[in-house]
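Remarks on the overall topology
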Amino acid sequence: MLMLILSNRIFLWGGDIDSHSNRLYLLSTIAQSLAAILALLVSLTLVATQLASQAYSPRVVRLRLRDPWLWTAVFLFTFTILWAMVSHGGFYLEGQYNADIALLLAATALLYLIPFSIATLRSLDPVRIGEAFAAKGEDAALDDMMRTAINNELMSVLLDGLKALEVQTRNRLDTADVAQGMKTLIATNAGGRLRSVGRHACQRSNFDALTSVQNTLGSTITYCTERQWREAANILNGVAVELEDYAL
C-alpha cells in the first residue's frame, strides 16, 4: 500500500480545503494520540512485568527486555509519531502523500495493538514463562519460579516449572556427547537442581510438591534408562533416594 500511495494511485486523505490547516491538524492529532497510546502501552507492560516478577521470578524482567513484540511496538509508534511531527513541521508540506503515509502508519500501529496484546497476555502464562526460562538457559530464574510456587502453594505453577525443567534436561541430554561425559554432567546439574527444589519443599512441609519433584525425577530416569544412559540414570536415581531419606 505504501508504494501505491507514493505512486499516487491510492489516497487515504481526502485533501485540504483552502489551506493546509486541515492536514496540519490531522498530523498533530496523530502525533499526540499515538504518543498517549504508546505511554499507556509501556505503562501497562511495566505493570504486567512487575506482577509477573513478583509471582514467578524477578528475572522475568530479562524476558521482557528481550521481547520483540514490545520493541516492535515502540519502534512502530515512535516512527509514526516522528513522521507526523516532521511532516507537520514542513517536510513535503505541498505533497499529498505525507498525510496519507501518516494515516497508513497510524492505522498499522493501532492494528498492531491486537497481536501485541495477545502476545503480552500469553507471555504471562506460567507455562510460557517456564518454557522461556528453559529455552534461554535461565536456570536460576526457573528454579526461583519453582521455589516461589512452593512458598505460595501454587501447584500448577510448580508443575509448569518442573515440566519445563524436564524438557530442558531431555533436550540437553539428546544433544550431549557421550564420549566427553557431557550426559553425566547434565544429569548431575539437573539432579542438583531437583534436589534443591525437593529439599525446599520438605522444609516448607509441602509434600505434594515433593511428590511432584519425585515424579519428575522418575520420568527423567525412565527416559535415560530407555536410551541406555546408565550413568545419568544412576545419578538421578541417587537424588530420588536421597530425597526420600531427607523427607523422613
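Here the structure is a predicted model, which is why all the values come from computation and not from measurement.

1. Quick notes on the overall build of the protein chain
Looking only at helices and strands, the protein chain features eleven helices and zero strands. Scanning the protein chain from its N terminus toward the C terminus, one meets helices and strands in the order α-α-α-α-α-α-α-α-α-α-α. Scored against the burial criterion, the 248 residues of the protein chain give a buried share of 41%. The contacts in the protein chain between residues at least 6 apart in sequence include a share of 70% that link residues at least 24 apart. For the protein chain, the accessible surface area stands at approximately 13400 Å², while carbon and sulfur atoms represent 60% of it.

2. Some points on the nonpolar core
Nonpolar side chains tend to gather and get buried jointly when the protein is soluble and globular. One finds Phe133, Leu142, Met146, Leu158, Val213, Leu217 and Cys224 to be the most contacted residues of the largest nonpolar core, which totals 37 residues. When contributions to this core are tallied by element, the ones reaching two or more residues are α6 (126-135), α7 (139-151), α8 (155-175), α9 (182-203), α10 (207-226) and α11 (230-247). Sorting elements by how many residues they give to this core places α10 first, with seven residues. Setting aside its immediate chain neighbours within four residues, Cys224 contacts Leu173, Trp229, Ala232, Ala233 and Leu236. Counting residues in hydrophobic clusters, the runner-up holds 22 residues, among them Ile81, Ala84, Ala99 and Leu105.

3. Things to note about the confidence of the model for the protein chain
The predicted model of the protein chain averages 79 in pLDDT, with 79% of residues at 70 or higher. Within the protein chain, the element-level pLDDT minimum falls on helix α1 (residues 2-6), averaging 55, and the maximum on α10, averaging 91.

4. Points about the side chain of Thr169
Inspection of the secondary structure assignment puts Thr169 in helix α8. Excluding residues within four positions of it along the chain, Thr169 makes contact with Ile186, Ala190 and Thr220.

5. Description of α11
The end-to-end C-alpha distance of α11 is 26 Å, a good match for the 26 Å that 18 residues give at a rise of 1.5 Å each. Buried within α11 we find Ala232, Ala233, Leu236, Val239, Ala240 and Leu243. Here the buried residues of α11 occupy an arc of 120° about the axis, which is enough to place them on one side. Exposed positions of α11 whose direction lies more than 90 degrees from the buried face are Arg230, Glu231, Asn234 and Asp245. Buried residues belonging to α11 abut α9 and α10.

6. Section: the side chain of Asp139
Topologically, Asp139 is positioned in helix α7. Sequence-distant contacts of Asp139, that is, excluding residues within four places in its chain, are made with Gln168, Arg172, Asn189 and Arg193.

7. Thoughts on the layout of surface pockets
Reported here for the largest pocket is a volume of approximately 360 Å³. Around the largest pocket sit 18 residues that line it, and Asp67, Ala119, Ser123, Arg128 and Ala132 are the ones nearest its centre. For the lining of the largest pocket, the secondary-structure elements that each account for two or more residues are α3 (60-65), α4 (68-88), α5 (97-123) and α6. Of the residues in the lining of the largest pocket, the class split is nine nonpolar, two polar and seven charged.

8. Remarks on the environment of Arg230
Mapped onto the fold, Arg230 is located in helix α11. Among the residues examined, Arg230 registers a relative accessible area of 61% and is labelled exposed. C-alpha of Arg230 to C-alpha of Thr184: the two residues are 46 residues apart in sequence and 9.2 Å apart in space.

Basis of the calculations
- Counting restarts for each chain, with residues numbered from 1 along the sequence as it is written.
- The predicted origin of the model limits local features to residues at a pLDDT of at least 70 and limits the giving and counting of side-chain atom pairs to 80 or more, whereas totals for whole chains, interfaces and linings rest on all residues.
- Side-chain numbers here rest on the full set of heavy atoms in the structure, without hydrogens or water.
- Each helix corresponds to a stretch of at least 4 residues labelled H or I by DSSP, and each strand to a stretch of at least 2 residues labelled E; elements are numbered beginning at the N terminus.
- Under the scheme applied here, a residue whose accessible area is under 20% of the maximum for its type counts as buried, over 50% as exposed, and between as partly exposed, the area being computed with a 1.4 Å probe on protein chains only.
- The contact criterion used is simple: two residues touch if any of their non-hydrogen atoms lie within 4.5 Å.
- Here the Shrake-Rupley method, with its probe set to 1.4 Å, supplies the accessible areas, and only the displayed protein chains count as covering residues.
- In this text, buried Ala, Val, Leu, Ile, Met, Phe, Trp, Tyr and Cys residues form a nonpolar core when linked through side-chain atoms within 4.5 Å.
- The pLDDT value expresses, per residue, how confident the predictor is, ranging between 0 and 100.
- How far a helix is expected to stretch is found by multiplying one less than its residue total by 1.5 Å.
- In this description, the arc belongs to the directions extending from the helix axis to the C-beta atoms.
- Every definition here rests on a 1 Å grid over the protein atoms only: cavities are sets of points where a 1.4 Å probe fits but cannot get out, pockets are open sets enclosed by protein on both sides within 12 Å along at least five of seven lines, and lining residues have some atom within 4 Å of a point.
- Grid points are joined across faces, edges and corners, and a volume is the space filled by probe spheres set on the points.
- In the scheme used here, Gly and all other residues not listed as nonpolar or charged are polar, with Ala, Val, Leu, Ile, Met, Phe, Trp, Tyr, Cys and Pro taken as nonpolar and Asp, Glu, Lys and Arg as charged.

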